[in-house]
Amino acid sequence: MKPVTFLVRAALVRAAPIGLAAALSACAVGPDYAAPRPSALAVPESFAAAQPAPANEAELAQWWQSFGDPVLADLVVRALAANPNVDVAGARLRQARAATDVSESGFFPTLGLSGSGARSETLRGGGSIIDPSTGAVLSRGGGGGRNSFRGGVDAAYEVDLFGGIRRGVEASRADQGAALANLHAAQLSVASDTALNYIAARSAQTRLAIARSNLANQQETVEIVGWRVQAGLVSSLDLEQARALRAQTAASIPALETNYATAVNRLSILLGSAPGSVNALIDPVRPIPLAPDRVSTGLPAELLSRRPDLVSAERSLAAATARIGVATAQLYPALRLTGSILGSGASLGAVDDSVIGNLVGSISAPIFQGGALRAQIESARGGADVALGTYRATVLTALEDVENALTSNVNARRRETELALAEEASRNAAIYARSQYRAGLIDFQQLLDSERSLLSSQDGRATARADRASATVQLYRALGGGWQAAPEPQTVARGID
């Protein structure tokens, strides 16, 4: 190991001043990035549909706990740990980290080892033995032979005079930040989609129970009308109208069953499992869960650091800005240093008996490229403008999402309150109508209208309750909550087994 150790040590001693020279001489061309201020992005000081209040970050991080439904909480936690889209986003983050490592390697010199060995023998006569690697005469006369060994270390380093490498590293690190934000966006989406599909499943269950209960009442009405027709008290028109209403109610049940199956199957997929895997957990009927009415929204400017899509857009802008410097650096000269150390000897232990070293510096500069380099700079500037416009549009969309969710949440709560009153009144009206119809005090059309109104109000209230719960989930999603408590997927650190 002595020859190799000596050569590597010698190479490092010669390469050490290179890094110092680079640190002293490098300057970075291109614009220095600064994130746009909230005022430049048209971010208001407060939301129009909510009173200014500090956000409850702990509540936002695990907002599904506020619904008080252990099944919902369990499903969200399982989805965050096993969803395939989250695994994909984790693998992309790993790729971005590796790309950053590759770009950062440009700060350091490259070293390489080489070695060779040869033996020369006199096969016939008394000719001379020549070393094939050096051409030297090793021996004259007959017989015998000789060994020769060579080893070397090569080093190369590009001095980052104008910051092209540095800007490339800035771009790679910003891309890595965007990849991390995209992972958080995937986790946020999985949490909210799981909750929305869970609410849809519970809504379908509730509406199915309402439809089946009304179907039983309407079947009873058909029987009562049938008896009255047989008794000659009413015409067959009443019976046909009763049968028609019953059939319409029965026809709504298959559609609700499809809605239920669709929501439950989607929950299975979100959990990274085959359809049907969560049926046993969802089939027991539970009410549609509701979260507290008041959600702490915080300030609009807080969205810039909390919402993953905004962080990703901002990091993409930073990367695009850095790439202007990468393109600009191509206009300037490049300094490349190369060096080698070569040792030779008659044995492995004597490779360092004869050592030759050299250090070469070369400078290259573009003279005429047909406008290609200028065009690349302009393209990079255009990319930065695109990224800035995308960031601004994403910010405005985020603000719109929050305002719409706040409005929807308030109006869904108001709608459910009114429909609860309507349901109570319709139930009482249906009870009165049945008793009065049996007594012959009202005609069948009034009874029919009361039963139709009861089904509509009950179904409407269930739908409004689901809308209210969904609006709360959408609000949490718009505020950027849900990814903070998610576990890091295994694909961030290693590949999928």
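Residues numbered from 1 in each chain as written. Predicted model: local features only at pLDDT ≥ 70, side-chain atom pairs only at ≥ 80, totals over all residues. Heavy atoms only, no water.

1. Describing the overall build of the protein
Thought 1: The secondary structure content of the protein amounts to eleven helices and six strands.
Thought 2: Within the protein, buried positions represent 41% of all 497 residues.
Thought 3: Residue pairs at least 24 apart in sequence account for 83% of intrachain contacts in the protein once pairs closer than 6 positions are excluded.
Thought 4: Approximately 25,200 Å² of the protein is accessible, and the part contributed by carbon and sulfur atoms is 56%. (Helix = DSSP H or I, 4+ residues; strand = E, 2+ residues; numbered from the N terminus. Buried < 20%, exposed > 50% of the residue type's maximum accessible area, 1.4 Å probe, protein only. Contact = heavy atoms within 4.5 Å. Areas by Shrake-Rupley, 256 points an atom, 1.4 Å probe, with all protein chains shown as cover.)

2. Examining the environment of Gly-68
Thought 1: Locating Gly-68 in the fold gives a position in the loop between α2 (57-61) and α3 (70-82).
Thought 2: In the structure, Gly-68 is positioned 221 residues away from Pro-289 in sequence and 7.2 Å away in space, judged by C-alpha atoms.

3. Quick look at the packing of helix α10 (residues 372-438) against helix α11 (residues 444-478)
Thought 1: One can describe the packing of α10 onto α11 by two numbers: an axis separation of 7 Å at closest approach and a directional angle of 160°. Taken together, α10 and α11 sit at an angle that is classed as roughly antiparallel. Considering the relative orientation of α10 and α11, their crossing is left-handed. (Axes fitted to C-alpha atoms, helices over the stretch in contact; angles between N-to-C directions. Parallel < 35°, antiparallel > 145°, perpendicular 65-115°, else oblique. Left-handed = near helix turned anticlockwise from the far one by under 90°.)

4. Observations concerning the packing of helix α9 (residues 308-329) against α10
Thought 1: Here α9 crosses α10 at 170°, and the two axes come no closer than 8 Å. Comparing the axis directions of α9 and α10 gives the class roughly antiparallel. Relative to α10, the crossing made by α9 is left-handed. Two secondary-structure elements touch here, α9 through Asp-309, Leu-310, Ala-313, Glu-314, Ser-316, Leu-317, Ala-320, Thr-321, Arg-323, Ile-324, Ala-327 and Thr-328 and α10 through Gln-376, Ile-377, Ala-380, Arg-381, Gly-383, Ala-384, Ala-387, Leu-388, Tyr-391, Thr-394, Val-395 and Ala-398.

5. Observations concerning the packing of aromatic side chains
Thought 1: Evaluated as defined, the whole model comprises four aromatic pairs.
Thought 2: Where Trp-63 meets Phe-67, the ring centres are 6.3 Å apart and the plane angle is 70°; that geometry is what we call edge-to-face. Both residues of the pair, Trp-63 and Phe-67, count as buried.
Thought 3: Measuring from ring centre to ring centre gives 4.7 Å for Phe-162 and Tyr-332, while their planes differ by 25°; the resulting arrangement is stacked. One end of the pair, Phe-162, is in the loop between β4 (145-159) and α5 (164-230); the other, Tyr-332, is in the loop between α9 and β5 (334-345), and 170 residues separate them in sequence. (Phe/Tyr/Trp six-rings, centres within 6.5 Å; stacked < 30°, edge-to-face > 60°.)

6. Focus on the pattern of salt bridges
Thought 1: Counted under the stated rule, the structure contains 23 salt bridges.
Thought 2: Note that Arg-306 and Glu-57 form a salt bridge whose closest N and O atoms lie 3.2 Å from each other. With a gap of 249 residues between them, Arg-306 in helix α8 (residues 303-306) and Glu-57 in helix α2 connect regions that are remote in the sequence.
Thought 3: A salt bridge links Arg-461 to Glu-423; the shortest N-O distance between them is 3.0 Å. Taken together, the positions of Arg-461 in helix α11 and Glu-423 in helix α10 put the pair 38 residues apart, joining distant regions of the chain.
Thought 4: On the basis of relative accessibility, which here comes to 32%, the residue Arg-461 falls in the partly exposed class. (Salt bridge = Lys/Arg side-chain N within 4 Å of Asp/Glu carboxyl O.)

7. What to know about unusual backbone geometry
Thought 1: Its identity is not glycine, yet Ala-42 carries a phi of approximately 65°, on the positive side.
Thought 2: Topologically, Ala-42 is positioned in the loop between α1 (2-25) and α2.

8. Here's the deal with the environment of Gly-90
Thought 1: Along the polypeptide, Gly-90 turns up in helix α4 (residues 84-104).
Thought 2: Residues Gly-90 and Val-492, 402 residues apart in the sequence, show an inter-C-alpha distance of 4.6 Å.
Thought 3: Dropping the residues within four chain positions of it, Gly-90 is found in contact with Leu-183, Pro-489, Thr-491 and Val-492.

9. Quick look at α10
Thought 1: Helix length check: α10, at 67 residues, gives a terminal C-alpha distance of 92 Å against a target of 99 Å (1.5 Å per residue), a fit within 8%.
Thought 2: Gly-440 sits one or two positions beyond α10 and adopts a positive phi of about 80°. (Expected span 1.5 Å × (residues − 1).)

10. Notes on the confidence of the model for the protein
Thought 1: Averaged over all residues, the pLDDT of the protein equals 85, while 87% of them reach at least 70.
Thought 2: Averaged over each element, pLDDT in the protein is lowest for α1 (43) and highest for α3 (96).
Thought 3: Predicted confidence is poor over residues 1-26, with pLDDT under 50, and the contacts of this stretch with residues over four places away or in other chains come to 31 contacts. (pLDDT = per-residue confidence, 0-100.)

11. As for α9
Thought 1: For α9, with 22 residues, the first-to-last C-alpha span of 32 Å sits near the 32 Å given by 1.5 Å per residue.
Thought 2: Burial runs high along α9: 16 of the 22 residues are buried.

12. Points about the side chain of Ser-203
Thought 1: Topologically, Ser-203 is positioned in helix α5.
Thought 2: Beyond its immediate sequence surroundings of up to four residues, Ser-203 is in contact with Ile-288, Ala-462 and Ala-466.

13. Digging into the side chain of Thr-221
Thought 1: Summarising the element assignment, Thr-221 is placed in helix α5.
Thought 2: Excluding its chain neighbours within four sequence positions, the residues that come into contact with Thr-221 are Arg-434, Phe-444, Leu-447 and Glu-451.

14. With respect to the nonpolar core
Thought 1: In this structure, Trp-63, Phe-67, Leu-75, Ile-282, Val-395 and Val-402 are the most contacted members of the largest nonpolar core, which totals 69 residues.
Thought 2: Of all the secondary structure elements, the ones that give two or more residues to this core are α3, α4, α5, α6 (236-270), α8, α9, α10 and α11.
Thought 3: Apart from residues no more than four positions distant in its own chain, Phe-67 is found in contact with Leu-72, Pro-289, Leu-290, Ala-291, Ala-469, Thr-472, Val-473 and Tyr-476.
Thought 4: Within the second largest apolar cluster, 13 residues are counted, among which are Ile-224, Ala-242, Leu-447 and Leu-448. (Core = buried A, V, L, I, M, F, W, Y, C linked by side-chain atoms within 4.5 Å.)

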